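# Coordinate analysis (summary)
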Amino acid sequence: MAPKRTTVRDLRRQNRSTLLSTLFFDGPLSRYELASRSGLSAATVSTVTGELVDDGLVVEAGSVDSDGGRPRVLLRVNPGFGHVIGVDVGETGIKVELFDLALTQLAALDHALSPSSPAAVASLIASSVRDVVAAAGVPASTVLGVGIGVPGTVEQGATAVVHAPTIGWDGVRLEELVADASESAWPLYVENGAKTQGQAEMWFGAGRGAKHVVIALIGSGVGAAVVTDGGVYRGATSSAGEWGHTTIVYGGRPCRCGALGCLEAYVGAEGILDRYRKARGRALAGIDEQSTVAALIGAAGRSKTAARVLEETAGYLGAGIANLVNLFNPERIVLGGWAGQALGAHQLDRIVAATRAHALRHPYEQISIELGHLGPDAVAVGAATLPVAALLDRAADPRKPTLRADIA
């Protein structure tokens, strides 16, 4: 097959994308700095940034002194150009957040979510998106897109299809359901929640600056985003990263997926609390999983059972992380998700020690293990980056998207 010829239009799109991305991640910058960082000529930078300013995507942001010449004008992506929305669909609730184009949060809503049909969840997402736009007081026409992070795997194609057996979803066309329930035709981007968290941590958090990272999501369930050479590894059908359903104990505890001995059954919030209940003979008091896990951690200083369950959890988690180290040889492991943050704050030394005990020595010596920087909002922030990624990736009219976002 003959290679595709690069046209002038392709080159222009690439230059716009390069400069816009550089300003988004590293701005404000002068045109001189943009040329230096991008490798583009000063003339190309001047022409393309002029177009971006005319389009309203880029604005001036002050100036800095230059060596012996006129002050250099700084440029940045225009935060007010548009707005993006991130939705975190968890197993017990949904979080909806609206941001400007600098990813500054302007409004947020949380809703509890009991087991519901996919159609009911889609309807709640659609109504919550409308509510958060109203709460922010921004025109609906300025919304560039809605990103949705979900549990389970997401098969990308003409429309996103969600496979999440732990919540009873099999081949759910969530994108279509949300579109049918929405009053506005905003572009929708659906992705696995661990992968959206991974993108957020790579863009703004603990993964920034690294090329080979595994970002672990531990909440009710367990997943991971495996980032190599700056891109997320997806696998043949986009289901790569289901770390929670790797076997940690042969013939072990039953997992919600139907298998035995999955890591999720030992370090996911539901598994942790069930192990405590069976060891103690009664459950801890709490209004939801997050408060109950917090109560378990708080009880560790006075309860031998609670302390033992947490120590065992740290051991299982460290062994699971060691598998990631041995399989993927990352330079950094980021521990995220609300349960991962809580466990890490209390048990990080034990988790690291267990990882060291189970990992091969050489790859272990190359890694760092740290907590995520973005906290419980990481999935929603990551979901909001999906429409931003689409904007950065194209030079067509950004208010009429034609391409799907991919994690980069």
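All residue numbers refer to position in the chain's written sequence, counted from 1. Where totals are concerned, whole chains, interfaces and linings use all residues; where local detail is concerned, this predicted model gives features only for residues with pLDDT of at least 70, and gives and counts side-chain atom pairs only at 80 or more. Calculation of side-chain values draws on the structure's entire complement of heavy atoms; hydrogens and water are dropped beforehand.

Let us now look at the overall build of the protein chain. Only runs of H or I of at least four residues qualify as helices and only runs of E of at least two qualify as strands under DSSP, and these elements are numbered from the N terminus. Assigned secondary structure in the protein chain consists of 13 helices and 16 strands. Taken against the 2.2 N^0.38 rule, which gives 22 Å for 408 residues, the C-alpha radius of gyration of the protein chain at 23 Å falls within 12% of a compact globule. Categorising residues by exposure relies on relative accessible area from a 1.4 Å probe, with only protein chains included: less than 20% of the type maximum marks a residue as buried, more than 50% marks it as exposed, and the intermediate range marks it as partly exposed. Counting across all 408 residues of the protein chain, residues that qualify as buried make up 51%. The long-range share in the protein chain, meaning contacts at least 24 apart out of those at least 6 apart in sequence, stands at 61%. The quantity called the radius of gyration is restricted to C-alpha atoms. Its globule counterpart is 2.2 Å times the number of residues to the power 0.38. Note on contacts: a residue pair is in contact if any heavy atoms of the two residues lie within 4.5 Å.

Take the packing of aromatic side chains next. Centres within 6.5 Å make a pair out of two Phe, Tyr or Trp rings, where for Trp the six-membered ring is used; the pair is then stacked when the planes are under 30 degrees apart, edge-to-face when over 60, and tilted otherwise. Enumeration over the complete set of coordinates arrives at six aromatic pairs. Measuring from centroid to centroid gives 5.9 Å for Trp203 and Phe204, while their planes differ by 80°, and the two rings are edge-to-face. Classification of Phe204 as partly exposed rests on a relative accessible area of 33%. Residues Tyr266 and Tyr316 carry aromatic rings whose centres are separated by 4.5 Å and whose planes lie at 45° to one another, so their mutual orientation is tilted. One end of the pair, Tyr266, is in helix H7 (residues 264-267); the other, Tyr316, is in helix H10 (residues 304-328), with 50 residues separating them in the sequence. Judged by relative accessible area, which is 25%, Tyr316 ranks as partly exposed. Taken together, the ring pairs connect Phe24, Phe25, Trp203 and Phe204 into an aromatic cluster.

With respect to the element layout, Glu175 can be found in helix H5 (residues 174-181). As a C-alpha pair, Glu175 and Gly286 span 111 residues in sequence and 34 Å in three-dimensional space.

Salt bridge, as used here: a side-chain nitrogen of Lys or Arg that lies within 4 Å of a carboxyl oxygen of Asp or Glu. Enumeration according to the criterion identifies 18 salt bridges in this entry. Across the salt bridge formed by Asp26 and Arg208, the nearest N and O atoms sit 3.3 Å from each other. In this pair, Asp26 is assigned in helix H1 (residues 8-26) and Arg208 in the loop between helix H6 (193-204) and strand S12 (213-218), connecting sequence segments 182 residues apart. For Asp26, a relative accessible area of 35% translates into the label partly exposed. On the basis of relative accessibility, which here comes to 37%, the residue Arg208 falls in the partly exposed class.

This part takes up the nonpolar core. The definition of a nonpolar core used throughout is a set of buried Ala, Val, Leu, Ile, Met, Phe, Trp, Tyr and Cys residues joined through side-chain atoms within 4.5 Å. In terms of nonpolar packing, the biggest core is built from 37 residues, with Leu57, Leu101 and Val388 touching the most fellow members. Counting residues per element, the ones that place at least two in this core are H1, helix H2 (31-38), helix H3 (42-55), strand S3 (72-77), H6, S12 and helix H13 (378-392). Sort the elements by how many residues they give to this core and H13 lands first, with six residues. Core analysis: the next-biggest nonpolar cluster, separate from the first, contains 30 residues, Ala122, Val133, Val138 and Trp169 among them.

Next up on the list: the side chain of Glu175. Take Glu175: its relative accessible area is 13%, and that puts it in the buried class. N or O atoms closer than or at 3.5 Å make up a polar contact, with two conditions inside protein: a donor-capable atom paired with an acceptor-capable one, and, for residues adjacent in sequence, both atoms drawn from side chains. Reaching out from Glu175, the side chain makes a polar contact with the backbone nitrogen of Ala160 at a distance of 2.9 Å.

Within strand S7 (residues 143-150), eight of the eight residues are buried, which leaves the element mostly enclosed by the surrounding structure. In this description, strands pair whenever DSSP reports at least two bridges between them. Across five bridges, S7 lies against strand S11 (residues 188-192) in parallel orientation. Within S11, the residue paired with Gly149 across the bridge is Glu191.

Moving on, we get to the domain arrangement of the protein chain. By the assigned domains, the protein chain splits into domain 1 (8-77), domain 2 (83-196 + 379-394) and domain 3 (208-373). As used throughout, domain bounds are those supplied by an automatic or database domain assignment. The C-alpha-based centres of domain 2 and domain 3 are spaced at 25 Å. Taken together, the contacts link 13 residues of domain 2 with 18 residues of domain 3. The buried area of a pairing is the accessible area, by a 1.4 Å probe, that goes missing from both parts when the two are put together, added over both. Area buried by domain 2 at its contact with domain 3 is led by Thr166, Ala194 and Lys195, which between them contribute 46% of it.

Lines are fitted to the C-alpha atoms to define the axes, a helix being fitted only along its stretch in contact, and any angle between axes, read from their N-to-C directions, falls within 0 to 180 degrees. At their nearest, the axes of H10 and helix H11 (residues 338-358) sit 7 Å apart, and the two run at 50° to each other. Relative to H11, H10 is oriented oblique. Crossing geometry of H10 relative to H11 is assigned as right-handed. Contacts between H10 and H11 involve Leu310, Glu311, Thr313, Ala314, Gly315, Leu317, Gly318, Ala319, Ile321, Ala322, Val325 and Asn326 on the former and, on the latter, Leu343, His346, Gln347, Arg350, Ile351, Ala354, Thr355 and His358. Just so you know the grouping, Ala, Val, Leu, Ile, Met, Phe, Trp, Tyr, Cys and Pro go in nonpolar, Asp, Glu, Lys and Arg go in charged, and all remaining residues, Gly too, go in polar. Per-class residue counts for the contact of H10 with H11 are ten nonpolar, eight polar and two charged. For classification purposes, angles smaller than 35 degrees are called roughly parallel, those larger than 145 roughly antiparallel, those between 65 and 115 roughly perpendicular, and all remaining angles oblique. Each crossing gets its handedness from the near helix: less than a right angle anticlockwise from the far helix is left-handed, clockwise is right-handed.

The omega angle of the peptide bond from Gly27 to Pro28 is 5°, so this bond is cis rather than trans. Take Pro28: it is sitting in the loop between H1 and strand S1 (29-30). The phi torsion at Leu103 lies on the positive side, around 60°, for a residue other than glycine. Note that Leu103 resides in the loop between strand S5 (93-100) and strand S6 (105-112). The backbone of Asn329 sits at a positive phi, close to 50°, despite the residue not being glycine. Within the fold, Asn329 resides in the loop between H10 and strand S15 (332-336).

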